[in-house]
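Each chain, written out:
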Amino acid sequence: MTVAAVLVLAAAAYLLVRVLLRLAPMTMAIIAALLLAALIGPLTERFKRWGLPATVAALSGVIGLLALLAGVSYLIGRRATSELDDLRAQVVEGLDRLRQSALDTLPGIDDRRLDEITAAAADAARRALPSPVAGATSAAEFLASALLAVFLLFFFLRDGEQMWCWLVRLIRSPRAERVDRAGRSGWHTLSAYTHGTAAVAAVDAIGIGAALFVLKVPLALSLAVLTFVSAFVPIVGATVAGAAAALVTLVTNGPRDALIVIAAVVIVQQLEGNLLQPLVMRRAIRLHPVVTLLAVTAGTLAAGVAGALIAVPICAVVYHATLGYRSDRLEEEPPHDTDARGPDDEHAPAGDRPGESETAPSPEHRVTQAHAGQAASRGRV
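In this text the structure is predicted, and so the values were computed from the model without any measurement.

Visitor: Help me out: how do you make sense of the overall build of the protein in this one?
Guide: Within the protein, the secondary structure is distributed over 13 helices and zero strands. Ordered by position from N to C terminus, the α and β elements of the protein give α-α-α-α-α-α-α-α-α-α-α-α-α. Burial statistics for the protein: of 381 residues in total, 31% are counted as buried. Taking the contacts inside the protein whose residues are at least 6 apart along the sequence as the reference set, 74% of them involve residues at least 24 apart. If you sum the accessible surface of the protein, you get close to 23,200 Å²; carbon and sulfur atoms cover 69% of it.

Visitor: Would you explain the environment of R256 in this entry?
Guide: You can see R256 is positioned in helix α10 (residues 255-285). The exposure class assigned to R256 is exposed, which follows from its relative accessible area of 60%. In terms of polar contacts, R256 uses its side chain to reach the side chain of D257, at 3.3 Å.

Visitor: What's the story with the nonpolar core in this structure? I'm lost.
Guide: The nonpolar side chains of a soluble globular protein tend to be buried with one another. Counting residues in hydrophobic clusters, the biggest one holds 11 residues: I208, L212, L215, V217, A220, L223, A245, A246, V261, V265 and V268. Broken down by element, the residue count for this core peaks at three residues, all from α10. Counting residues in hydrophobic clusters, the runner-up holds 10 residues, among them A33, A58, L65 and L153.

Visitor: Explanation requested: the packing of aromatic side chains in the structure shown.
Guide: In this description, an aromatic ring pair is defined by two values, namely the gap between the centres and the angle between the planes. Evaluated as defined, the whole model comprises three aromatic pairs. Arranged with centres 5.8 Å apart and planes meeting at 50°, the rings of F47 and W50 form a pair that is tilted. A relative accessible area of 63% places W50 in the exposed class. Look at F154 and F155: their rings are 5.1 Å apart centre to centre, the planes differ by 70°, and that puts the pair in the edge-to-face class.

Visitor: How should I be thinking about the packing of helix α8 (residues 220-230) against helix α9 (residues 237-252) in this particular structure?
Guide: A packed helix pair is summarised by two numbers, namely the angle formed by the two axes and the spacing between the axes. One can describe the packing of α8 onto α9 by two numbers: an axis separation of 8 Å at closest approach and a directional angle of 165°. The angle between α8 and α9 places the two elements in the roughly antiparallel class. In this structure, α8 crosses over α9, and the sense of that crossing is right-handed. Contacts from L223, L226, T227 and S230 in α8 reach G237, A238, A241, A244, A245 and V248 in α9. Counted by class, the contact of α8 with α9 contains seven nonpolar, three polar and no charged residues.

Visitor: Explanation requested: a nonpolar patch on the surface in the structure shown.
Guide: A cluster of nonpolar residues, V19, L23, M26, I30, L34, L148 and W187, forms a patch on the protein surface that exposes about 540 Å² of accessible area. No other element matches helix α2 (residues 24-49), which puts three residues into the nonpolar patch. Topologically, V19 is positioned in helix α1 (residues 2-22).

What counts as what
- Residues numbered from 1 in each chain as written.
- Predicted model: local features only at pLDDT ≥ 70, side-chain atom pairs only at ≥ 80, totals over all residues.
- Heavy atoms only, no water.
- Helix = DSSP H or I, 4+ residues; strand = E, 2+ residues; numbered from the N terminus.
- Buried < 20%, exposed > 50% of the residue type's maximum accessible area, 1.4 Å probe, protein only.
- Contact = heavy atoms within 4.5 Å.
- Areas by Shrake-Rupley, 256 points an atom, 1.4 Å probe, with all protein chains shown as cover.
- Polar contact = N/O pair within 3.5 Å; in protein donor to acceptor, adjacent residues only side chain to side chain.
- Core = buried A, V, L, I, M, F, W, Y, C linked by side-chain atoms within 4.5 Å.
- Phe/Tyr/Trp six-rings, centres within 6.5 Å; stacked < 30°, edge-to-face > 60°.
- Axes fitted to C-alpha atoms, helices over the stretch in contact; angles between N-to-C directions.
- Parallel < 35°, antiparallel > 145°, perpendicular 65-115°, else oblique.
- Left-handed = near helix turned anticlockwise from the far one by under 90°.
- Nonpolar A, V, L, I, M, F, W, Y, C, P; charged D, E, K, R; others polar.
- Patch = residues over 30% accessible without salt bridge, like charges linked within 9 Å, V, L, I, M, F, W, Y side chains within 5 Å.
- Salt bridge = Lys/Arg side-chain N within 4 Å of Asp/Glu carboxyl O.

This is the structure:
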């Protein structure tokens, strides 16, 4: 019976993954909206506590996020445009310098052979690029997914609590409260992951970006933003961004500055791995590095860069949701959950506690009336 249940669950999970991959644009829009809601949700909740209506608070969060993204894109585009002429000349000069270095140091390489290698690499890069039709289709899908993610983000911020309680009420079974507890535990994990990853990514971007600015590397701001975004891919993201920064520095500024950038990348990554990750992320994820690496690899193979971005948070959420389902209360219970009882009421009979009757309310009723984090900790299964 147990083996059959495992096989059924495995088959259901396989079919679910296939369906989600088939609906990849919609799936990525939903996941992106959830990640952004977990990131800026505390801000909109604070707005609500200050007395703003839920619609205004959610709209403020969405507009603020879009304004931030638009401002960063404008700064990057403006700076890149102003540096374009100088960058073109520096790239040509750097490529000539690298060509001459290759001719001087590599045995058996002459001008003709190097030209053949360069032409083959350029031809391979052209073949790897999508066709104009495929590129236009991908751009249209990305734009549609982005718009869907923005709309979903607004409704998640405004009605997230009500939507979750509605889903829990649909279960209508003694396990409804366990499902509620699992969902809230997973959401706490997702929120902690997004905030921790954003803090680590900001440190990476500031550290590597400062070295690029000091060395006056072209597109230093763009490379700093690339470092910030890449840091959301655990283990490999910061390495790839550091390699890109070192390569640009090598082409534009020369080998000496490239070595300095590599040293800065190594120092920042050591600081992140030995100090920031244990302090900020260990409590949020609690996944072994092997599990993290396998999750990133599987996500990359399944959905490319997008899969690498979402693989680790999905694993962390599933793990903590499972723990929340099996436990008697949320792992991180809000401190105000017990403010309605005094120390003498903790062990009192149900009918003698203030505000409680002898007949406990149903899980559905408690979920409907509770605030976030309180519905699971007050009931009994």
